[in-house]
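# Close look at the chain arrangement
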Amino acid sequence: QVQLVESGGGLVQAGGSLRLSCAASGRTFSSYVMGWFRQAPGKEREFVAAISWSGGYTIYADSVKGRFTISRDNAKNTVYLQMNSLKFEDTAVYYCAADRDGAPRVAGYDYWGQGTQVTVSS
């Protein structure tokens, strides 16, 4: 089992940048597929990005492609989401997710963090 704690959220102006971090507990972090999701007020949670256990394979939602970058540091048990050129519509609670098996994917994760708020002012 793995526990996830997100940090790095906050208030930023449109066009600005933030980097989210997700710290994971457990000795087997390096074997987990990791993902980021977000949920805006009144909307369903949606996929943002995911990364393979090695960091060598990533996938992104079309809405963030070219602006967001997911990465991981297995030595630190941490996954990151670098968010650039932020837009008002990126405002949401951002969640980190993990799963033991398979390739990076847009759904089907077993473990979730509590979320961190990102607010982009227009």
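Residues numbered from 1 in each chain as written. Predicted model: local features only at pLDDT ≥ 70, side-chain atom pairs only at ≥ 80, totals over all residues. Heavy atoms only, no water.

All right, on to the packing of aromatic side chains then. The geometry of an aromatic ring pair comes down to the distance between the two centres and the angle between the two planes. Under the definition given, this model contains five aromatic pairs. Taken together, a centroid distance of 6.1 Å and an interplanar angle of 65° make the contact between Y32 and Y111 edge-to-face. With a gap of 79 residues between them, Y32 in the loop between β3 (18-24) and β4 (33-39) and Y111 in strand β10 (residues 111-112) connect regions that are remote in the sequence. Aromatic side chains Y109 and W112 sit 6.4 Å apart centroid to centroid with 70° between the ring planes, which places their arrangement in the edge-to-face category. Looking at Y109, the relative accessible area reads 7%, which means it is buried. Through pairs of rings, three or more aromatic residues link up here, namely F37, F47, Y109 and W112. Above the ring of Y95, the side-chain terminus of R45 is found at 5.5 Å from the ring centroid. A cation over an aromatic ring shows up here: R45 above the ring of W112, its NZ or CZ 3.7 Å from the ring centre. (Phe/Tyr/Trp six-rings, centres within 6.5 Å; stacked < 30°, edge-to-face > 60°. Helix = DSSP H or I, 4+ residues; strand = E, 2+ residues; numbered from the N terminus. Buried < 20%, exposed > 50% of the residue type's maximum accessible area, 1.4 Å probe, protein only. Lys NZ or Arg CZ within 6 Å of the ring centre and 35° of its normal.)

Structurally, the position occupied by G115 is in the loop between β10 and β11 (116-121). Separated by 22 residues in the primary sequence, G115 and V93 have C-alpha atoms spaced 5.8 Å apart. With near-sequence residues (within four places) excluded, G115 lies in contact with E6, V93, Y94 and Y95. (Contact = heavy atoms within 4.5 Å.)

Our next topic: unusual backbone geometry. For N77, which is not glycine, the phi dihedral falls at a positive 55°. Among the secondary structure elements, N77 is positioned in the loop between β7 (68-73) and β8 (78-83). A positive phi angle is found at S85, which is not glycine, with a value near 50°. Within the secondary structure, S85 sits in the loop between β8 and β9 (92-99).

Right, let's get into the side chain of R72. Relative to the elements of secondary structure, R72 occurs in strand β7. With no salt bridge to any partner, buried R72 finds its closest opposite charge in D73, at an N-O distance of 8.3 Å. Only 2.7 Å separates the side chain of R72 from the backbone oxygen of Y32, close enough to count as a polar contact. From its side chain, R72 meets the backbone oxygen of W53 in a polar contact 3.5 Å long. (Lys, Arg positive; Asp, Glu negative; His and termini not counted. Salt bridge = Lys/Arg side-chain N within 4 Å of Asp/Glu carboxyl O. Polar contact = N/O pair within 3.5 Å; in protein donor to acceptor, adjacent residues only side chain to side chain.)

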